[in-house]
Amino acid sequence: MRSIWKGAISFGLLHIPVKLYPAAQESRPRFRLLHRLCHTPITSRRYCPHCQQELENEAIIRGYEFSPGSFVTVEDQELEALPLPSAHTIRLLSFVPLAELDPLYYQKGYYVEPAEGGARAYGLLSQVLEESQRAGLARVLLRSREWLAAVASRGGLLRLHTLWEAAEIRSPQSLALPGEIRVEPQERALARQLVDQMTQPFQPDRFPNQWQAAFQELLERKLRGEAPVRPAAPQEEPAVSDLLAALEKSLQELEPQPVSPS
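Since this is a predicted model, take the numbers as computed values, not measurements.

**Details of the confidence of the model for the chain**
- Here the chain averages 86 in pLDDT, and 92% of its residues register 70 or above.
- Averaged pLDDT values over the elements of the chain bottom out at 79 in helix H1 (residues 76-80) and peak at 97 in strand E11 (residues 157-163).
- The low-confidence segment residues 257-262 (pLDDT under 50) makes one contact with residues lying over four places distant or belonging to another chain.

Right, dumping it as structure tokens:
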């Protein structure tokens, strides 16, 4: 892996030199757009309609539209020179219980590696965060944007998660949610029993990407010149009118079937 950021985590008077590495990479197939007639890849043009010409990268500049049709231009060097303390330092501003971090705010994850001279302080911060089940909130400048970020630890490894800003999270107030629903005690007990029986350790590799497997099979068939397989029409699930009966049936289906004697 190649680090995408070098700097330090500051924690009180502690200064921990670190590097950041992307914790995940996308593995989904990437498609090119082709001309249906000849299967030639199409190209995107950077075209100026005023000058009626295509532009090279060096002729393009960033612009912020402050009113319709009016722009202020910004050079990359100006963005890099902004006086932000987050440019090279992840300063932990406060700490919050991990359980209070709504997963809705998580964006991207990064591994944090100690740089030269930072191993001891890195280990100290990692242990304290893991034992207390807390995360440090910070500001960090990544890829020309300042992010709110959470620094947490698991298994001795510090991880940084960029977070959506509070203003970027949409309000659910416009959703047609049900009002207060009366739930019978027996329904609640059966639902809790069903959840308990279906609870397992988090093992994401137990849930393979079915779309990707189906696409790979389609691709191999096409390369062999075979016709693609048509899936069977999905069967409609009957609507459930009796909540209690549905819960009881769900629990019965989870119970192990008796083994017939050989």
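**Observations regarding the pattern of salt bridges**
- For the structure shown, the criterion picks out nine salt bridges.
- Glutamate 54 is the partner of arginine 45 in a salt bridge, and the nearest nitrogen-oxygen pair spans 3.2 Å. Comparing arginine 45 with glutamate 54, the two get one shared label, exposed.
- The salt bridge partner of arginine 62 is aspartate 76, with a shortest N-O separation of 2.8 Å.

**Some words on the state of the cysteines**
- For the structure shown, the criterion picks out zero disulfides.
- Cysteine cysteine 48 remains unbridged, with the sulfur of cysteine 51 as its closest cysteine sulfur at 3.9 Å.

**Comments concerning the nonpolar core**
- One finds Ile9, Leu20, Ile90, Val112, Val151, Leu158 and Leu160 to be the most contacted residues of the largest nonpolar core, which totals 21 residues.
- Broken down by secondary-structure element, the contributors of at least two residues to this core are strand E1 (5-11), strand E2 (14-22), strand E7 (89-97), strand E8 (106-114), helix H2 (119-132), strand E9 (134-142), strand E10 (145-154) and E11.
- Sort the elements by how many residues they give to this core and H2 lands first, with four residues.
- Not counting chain neighbours up to four residues away, the residues in contact with valine 151 comprise Ile9, Ile90, Leu92, Leu129, Arg134, Ala135, Gly136, Leu158, Arg159 and Leu160.
- By size, the runner-up hydrophobic cluster in this structure holds seven residues, among which are Leu101, Ala135, Ala150 and Leu163.

Definitions and cut-offs
- Residues numbered from 1 in each chain as written.
- Predicted model: local features only at pLDDT ≥ 70, side-chain atom pairs only at ≥ 80, totals over all residues.
- Heavy atoms only, no water.
- pLDDT = per-residue confidence, 0-100.
- Helix = DSSP H or I, 4+ residues; strand = E, 2+ residues; numbered from the N terminus.
- Contact = heavy atoms within 4.5 Å.
- Salt bridge = Lys/Arg side-chain N within 4 Å of Asp/Glu carboxyl O.
- Buried < 20%, exposed > 50% of the residue type's maximum accessible area, 1.4 Å probe, protein only.
- Disulfide = S-S within 2.5 Å.
- Core = buried A, V, L, I, M, F, W, Y, C linked by side-chain atoms within 4.5 Å.

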